[in-house]
Amino acid sequence: MISSSRRWVKTVNRLGSVIRFTFWSQARTKGYKIGTIFFVILITVGMHVPLIIQALSSGKPAKVGVLPETSGIAAALQQFYAMQEEPKIEIIPIEDQGSAQANEQLAKEMMFADELDGYLVFPKRGDQSTIASEAEYRAKKVRTKVLEELQSALHYVRLNMVAQHLQLSAEQLADLNTPFIVQSVHVSENDEGKSDAQIAATVIFVFVMLSMLFGSTFGGGSMVASEVSAEKSSRVMEILITSVKPLVQMFGKIIGVFLVGFLQLLIYAATVIVNLLLPYNRDAFAAVEIDLSALSFSLLGYFILFYLIGYFSYAVMFAGAGSIVSRTEDLGHVLSPIMILSLVTFYVALLSVSNADAMYVEILSFVPLFSPVLMFLRIGMSDPAWWEVGAALLVNFAFIGVVGWLAAKVYRAGVLMYGNRPSMKDLWKIIRYD
């Protein structure tokens, strides 16, 4: 009993040594430091793009010409913007030149002379006493924001003119202007449902998980494989294998590389949080109606759990694949099937974000490698039964255990195999008889 406990403590200590060695050997490299700083700067700049655009823009209102018309809506529109402290549009009346063609010709000349950004044309009406209800906005380049602003302002102005014509009171006018709001709630069988804010926040989390898993797969997994291959090519493996068991060494490298990547992710997360705490960025986030406070702690827990499952599912395969390669130049041929599989997983998950209830999503949410993202997607966007989540977790744990056991057998024999890359027949012999 005492000897077995000592062996356990000794194994844990050796595992910790491999983890520390792998972590510091990767974290101290110039590439890691430069890459981390580069992405911190890139994230910071990216989150300030709206502010940069706002600073570079002139801030001047768009100049819109209005051709003469008889219903009075053009004059009311000019008065509407004149009463605003910071109008988004400046209305410039076009003087009557005697005919509609001459009026528009003058407006065109002013527009091409950069005196106008565009102009409004009100079509002729049979009954000149009625208030205009349509118009055309003509410009060299129609900006959507200007068009939407004009449409909203004209609707408001015309509504007030109609109310005055019908002699409606201020209360009746206010009641007439009250919009009818329909809020959507995604109803689930086992809870009260999810609001649009929760759904939007979940979608962000899914995209973050996709990015993290994709980055971990290509970055962390490749790092594990290349490190094993580099040690083999330098013959260091022959020395290491005598002091540390292959299984301990393999998982030590996997965990060490994971901690290196996780530290980088924490730095990126801290960068995002610091930028979000800035007042102008908080306002920008609120403007797109994304409320991260709508996220539950249980969803955050599932996020961490399924991310870890996804990372280790790929990492054990990368470690086993890297151990059968004697030269780093040959890594691409061995790792390409795993890379292709991760790309398929990535695109399937990406295309399923807006279709979380599809049958293929439900089926693939129980399939290892697909399951970490798709089951998390179902948890956030719909309401899978508790036994479905439990079954997915059991399947993934079993997959990591089986693949880890197979990878350890391949790793144990592969790290001491030099020369040509072993065939599938050789690998089967290693797994079967080792």
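That block above? That's the structure.
Let us look at the structure shown here.

The rules behind the values
Residues numbered from 1 in each chain as written. Predicted model: local features only at pLDDT ≥ 70, side-chain atom pairs only at ≥ 80, totals over all residues. Heavy atoms only, no water. Buried < 20%, exposed > 50% of the residue type's maximum accessible area, 1.4 Å probe, protein only. Helix = DSSP H or I, 4+ residues; strand = E, 2+ residues; numbered from the N terminus. Pairing = 2+ DSSP bridges. Right-handed = clockwise from strand over helix to strand, strands pointing away. Salt bridge = Lys/Arg side-chain N within 4 Å of Asp/Glu carboxyl O. Phe/Tyr/Trp six-rings, centres within 6.5 Å; stacked < 30°, edge-to-face > 60°. Axes fitted to C-alpha atoms, helices over the stretch in contact; angles between N-to-C directions. Parallel < 35°, antiparallel > 145°, perpendicular 65-115°, else oblique. Left-handed = near helix turned anticlockwise from the far one by under 90°. Contact = heavy atoms within 4.5 Å. Nonpolar A, V, L, I, M, F, W, Y, C, P; charged D, E, K, R; others polar. Core = buried A, V, L, I, M, F, W, Y, C linked by side-chain atoms within 4.5 Å. Expected span 1.5 Å × (residues − 1).

## So, the pairing of strand S3 (residues 118-121)
Both faces of the sheet carry side chains from a regular strand, because those side chains alternate between them.
Here comes step 1: Both faces of S3 are covered, namely the face carrying Gly-118 and Leu-120 and the face carrying Tyr-119 and Val-121.
Here comes step 2: When S3 meets strand S4 (residues 136-138), the two strands line up antiparallel, connected through three bridges. Within S4, the position partnered with Leu-120 by the bridge is Tyr-137.

## Here we look at the pairing of strand S1 (residues 62-66)
Here comes step 1: Taking burial as the measure, the five residues of S1 include four buried ones, the bulk of the element.
Here comes step 2: In terms of strand pairing, S1 meets strand S2 (residues 89-93) through five bridges, oriented parallel. Directly across from Val-66, in S2, lies its bridge partner Pro-93.
Here comes step 3: Taken together, S1, helix H4 (residues 73-82) and S2 form a β-α-β motif whose crossover is right-handed.
Here comes step 4: Strand direction decides the pairing type here: S1 and S3, joined by three bridges, are parallel. Directly across from Val-64, in S3, lies its bridge partner Gly-118.

## Section: the pattern of salt bridges
Here comes step 1: Enumeration over the complete set of coordinates arrives at four salt bridges.
Here comes step 2: The closest approach of N and O atoms between Glu-104 and Arg-138, which form a salt bridge, is 2.4 Å. Within this pair, whereas Glu-104 is found in helix H5 (residues 100-112), its partner Arg-138 is found in strand S4, the two being separated by 34 residues in sequence.
Here comes step 3: Judged by relative accessible area, which is 17%, Glu-104 ranks as buried.
Here comes step 4: In this structure Arg-138 comes out as partly exposed when scored by relative accessible area, which is 27%.
Here comes step 5: Through salt bridges that share partners, Glu-104, Glu-136 and Arg-138 make up one connected network.

## Description of the packing of aromatic side chains
Here comes step 1: What the rule picks out here adds up to 13 aromatic pairs.
Here comes step 2: Between Phe-258 and Tyr-307 the ring centres are 6.4 Å apart and the planes differ by 35°, which places this aromatic pair in the tilted class. You can see Phe-258 sitting in helix H10 (residues 246-276) and its partner Tyr-307 sitting in helix H12 (residues 297-323), a full 49 residues away along the chain. In terms of burial, Phe-258 and Tyr-307 fall into one category: buried.
Here comes step 3: Summarising the aromatic geometry, the rings of Phe-258 and Tyr-311 are spaced 5.0 Å apart at their centres and angled 45° between planes, so their arrangement reads as tilted. Taken as a pair, Phe-258 in helix H10 and Tyr-311 in helix H12 lie far apart in primary sequence, 53 residues in all.

## Regarding unusual backbone geometry
Here comes step 1: Positive phi is not limited to glycine here, since Asp-114 has a value of about 65°.
Here comes step 2: Relative to the assigned elements, Asp-114 resides in the loop between H5 and S3.
Here comes step 3: Phi is positive for Leu-369, close to 80°, though the residue is something other than glycine.
Here comes step 4: Tracing the sequence through the fold places Leu-369 in the loop between helix H14 (359-364) and helix H15 (371-381).

## Regarding the packing of H4 against helix H6 (residues 144-165)
Here comes step 1: Contact geometry of H4 with H6 gives a least axis separation of 10 Å together with a crossing angle of 110°. Regarding the angle of H4 to H6, the classification is roughly perpendicular. Where H4 crosses over H6, the two elements pack in a sense that is right-handed. For the pair formed by H4 and H6, the contact residues are Ile-73, Ala-76, Leu-77, Phe-80 and Tyr-81 on the first element and Glu-149, Leu-150, Ala-153, Leu-154, Tyr-156, Val-157, Arg-158 and Met-161 on the second.
Here comes step 2: The residue inventory of the contact of H4 with H6, partitioned by class, reads eleven nonpolar, no polar and two charged.

## Things to note about the sheet that holds S4
Sheets are built from strands paired through backbone hydrogen bonds, the pairs being either parallel or antiparallel.
Here comes step 1: Taken together, the four strands give an open sheet; going across it, the order is S2-S1-S3-S4, and neighbouring strands pair in mixed fashion. The sheet is open, and its two edges are formed by S2 and S4, each paired on a single side. With direction set aside, neighbouring strand axes in the sheet form an average angle of 30°.
Here comes step 2: Helix-sheet contacts for H5 involve S2, S3 and S4, and the interaxial angle to S3 is about 160°.

## As for the nonpolar core
Here comes step 1: If you look at the biggest cluster of nonpolar residues, it comprises 52 residues, and the most contacted ones within it are Ile-254, Phe-306, Tyr-311 and Met-317.
Here comes step 2: If you list the elements that add at least two residues to this core, you get helix H8 (196-233), H10, H12, helix H13 (331-351), H15 and helix H16 (386-414).
Here comes step 3: Ranked by residue count, the leading element in this core is H12, at 14 residues.
Here comes step 4: Counting 21 residues, the second largest nonpolar core, distinct from the first, contains Ile-89, Leu-120, Leu-150 and Val-157.

## Notes on H6
Here comes step 1: Over its 22 residues, H6 runs 31 Å from end to end, which matches the ideal 32 Å to within 8%, given 1.5 Å per residue.
Here comes step 2: When we look at burial in H6, the residues that qualify are Val-146, Glu-149, Leu-150, Ala-153, Leu-154, Val-157, Leu-159, Asn-160, Met-161 and Ala-163.
Here comes step 3: A positive backbone phi angle near 60° is found at Gln-167, which sits one or two residues after H6.

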